[in-house]
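Given next are the chains, with one letter for each unit.
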Amino acid sequence: MDYQYLKQFLSEERQIVITTHKSPDGDAVGSSLALRSVLVAEGHNVSVVVPDQFPNYLMWMPEANSILIYENHQAEVQELFNQCDLIFCLDYNTLERVGALKSEIEASDAKRVLIDHHLFPDKNFDFSLSDTSASSTAELIYEFISGMSFTDHLDKDFAVCIYTGLVTDTGSFRFSSTRSNTHLVASELLKLGLEPAIVHQNIYDNNSLKALRLKGFALNEKLEVIANSKAAIIPLALKEKNRFKYQKGDTEGLVNYGLSIEGVEVAVLLSEEMGFVKFSFRSKGLIDVNEIARRSFNGGGHRNAAGGKLDCDINAAIRLVKTELEKIDYGS
Ligand code: 5GP
Ligand code: MN
C-alpha cells in the first residue's frame, strides 16, 4: 500500500464508495462503517454499498441505516459509481464475491483500494492491503487508518464497528486467526470508550425465538456425525427453514455446534435456498476447508472457515458433502 500517494489523493474532498461482499457479515459491515466514519470526518463524501441485505443481528450498528443495498437501490448506486473517485473493496479477494456489483465496479473509472484478509487476492487493484494472517478485515482497517495517520478522528462508534469485525471473525477471540495484534487493536478500542459487554449483547443476545427454535430443530433432528465421527453435517432444506420463517442470519453460528462435538474436525452447514445450496465449512487444525470449498463447492475463504454455493437441491448437496468428507485424511 502506497500510503503517501493515497494521502495526497485524499488531501482534497473526494467522492468515495465503500463496497463489501455478498451476504455481508460482521467483519464486512463493521469494517465498512468504521472506514466510513473516519473518511467522513476527513471531509469526504462517502457511501457504503453492499450487494444484498445484511442480517438482522447487525442492524443495531452505528450508522447501519446509511448503508445502501444494491438489490434495492440500483439506480442510486449506479449514479454513485458514475461520480466516484475512489472505491474501497473490503473483506473480499475477488470481484466474483460481490455478485451484480461487479459490473458496476468494473464500469467505473475510479481507483480501487483492496483491504482484505482472504487467501489468493486478485491483482487488479490500484492499492492493496492484503494480509492473510490478519484475523479480520477490521484489524486491517485499523492498520490502514494508522498508516494514513487518520487516528485523530477515532471515536467510540468507530471502536464499536472495528470491535464487531474482530469479534465476529474470530469467534470472540478464539479462532487460530487471533494474533497478538488482534488483542492490541482491541486494547486501543477500549481506550476509545468501547464497552465490550454491550457489543457482545447486541451481536449475540438478540436471537429471535424462531431463530433459536430453528437451531434447536437443526441440532435435534438434522445434525449427523459421519466419517468415523470426524465430521458433522447439518443439512437444512428450504421447506424446513420456511417452517421456522427463516430470515438471513437465523443460522449464524449453527455450524460451530457441529465442530464443538468431541473428536469432530470438520463441520458443514448446508442451507438450501431457491435453486441452490449454500455451504458453510469449519475445521480444526490443519484440515484445509478453503481448499475443499474452492475445489468442489465453487467457493473459498480461509483454512478453518470457508463457504461455497452450488446450483443443486439439498439431497444432491448432502451426497456430495458426504463424499468429500469421507475422502479427507483425518490422521489418527
Ligand atoms: P460463512 O460460512 O460464515 O458464510 O463464511 C466463512 C468464510 O468463507 C468467510 O470468510 C467468507 O468470506 C467465505 N465464503 C463464504 N461463502 C463463500 C463463497 O460463496 N465463495 C467464497 N469464495 N468464499 C466464501
Ligand atoms: Mn472477514
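Residues numbered from 1 in each chain as written. Chains lettered and ligands numbered in written order. Predicted model: local features only at pLDDT ≥ 70, side-chain atom pairs only at ≥ 80, totals over all residues. Heavy atoms only, no water.

Draft legend 1. Geometry of the environment of A34. Secondary-structure assignment places A34 in helix α2 (residues 26-41). Taking the relative accessible area as the measure of exposure, A34 reaches 0% and is therefore buried. Setting aside residues no more than four positions away along its own chain, A34 makes contact with F158, C161 and I162. (Helix = DSSP H or I, 4+ residues; strand = E, 2+ residues; numbered from the N terminus. Buried < 20%, exposed > 50% of the residue type's maximum accessible area, 1.4 Å probe, protein only. Contact = heavy atoms within 4.5 Å.)

Draft legend 2. Quick peek at the side chain of D91. Looking at where D91 falls in the secondary structure, it is placed in the loop between β4 (86-90) and α4 (101-107). As a buried residue without a salt bridge, D91 has its nearest oppositely charged side chain in R97, at a separation of 6.6 Å. A polar contact of 2.9 Å, which involves the side chain of D91, links it to the side chain of H21. Here the side chain of D91 touches T137 through a polar contact of 2.8 Å, side chain to side chain. If near-sequence neighbours (up to four positions away) are discounted, D91 is found in contact with T20, H21, D25, D27, A28, I115, D116, H117, H118 and T137. (Lys, Arg positive; Asp, Glu negative; His and termini not counted. Salt bridge = Lys/Arg side-chain N within 4 Å of Asp/Glu carboxyl O. Polar contact = N/O pair within 3.5 Å; in protein donor to acceptor, adjacent residues only side chain to side chain.)

Draft legend 3. Here's a closer look at a positive patch on the surface. Taken together, K22, R97, K278 and K309 make up a surface patch of like positive charges. Within the secondary structure, K309 sits in strand β12 (residues 305-310). (Patch = residues over 30% accessible without salt bridge, like charges linked within 9 Å, V, L, I, M, F, W, Y side chains within 5 Å. Areas by Shrake-Rupley, 256 points an atom, 1.4 Å probe, with all protein chains shown as cover. Charge placed at Lys NZ, Arg CZ, Asp CG, Glu CD.)

Draft legend 4. Quick look at the sheet that holds strand β6 (residues 127-130). Pairing within the open sheet is parallel, and its six strands lie in the order β3-β2-β1-β4-β5-β6. Here the strands that pair on one side only, and so sit at the sheet edges, are β3 (68-69) and β6. Of the strands in this sheet, β1 (15-20), β2 (45-50), β3 and β4 touch helix α3 (residues 74-83), which is tilted by about 125° from β1. Helix-sheet contacts for helix α5 (residues 137-147) involve β4, β5 (111-116) and β6, and the interaxial angle to β5 is about 120°. (Pairing = 2+ DSSP bridges. Axes fitted to C-alpha atoms, helices over the stretch in contact; angles between N-to-C directions.)

Draft legend 5. Inspection of the coordination of the manganese ion (ligand 2) at higher detail. At 2.2 to 2.4 Å from the manganese ion (ligand 2) lie its protein donor atoms, namely D27 (OD), D91 (OD), H117 (NE2) and D169 (OD). Read N to C, the donor residues that coordinate the manganese ion (ligand 2) are spaced as D-x63-D-x25-H-x51-D. Highlighted residues: D27 in helix α2 and H117 in the loop between β5 and β6, separated in sequence by 90 residues. In this pair, the class of D27 matches that of H117, namely buried. (Donors = N, O, S within 2.8 Å, 3.2 Å for Na, K, Ca; no water.)

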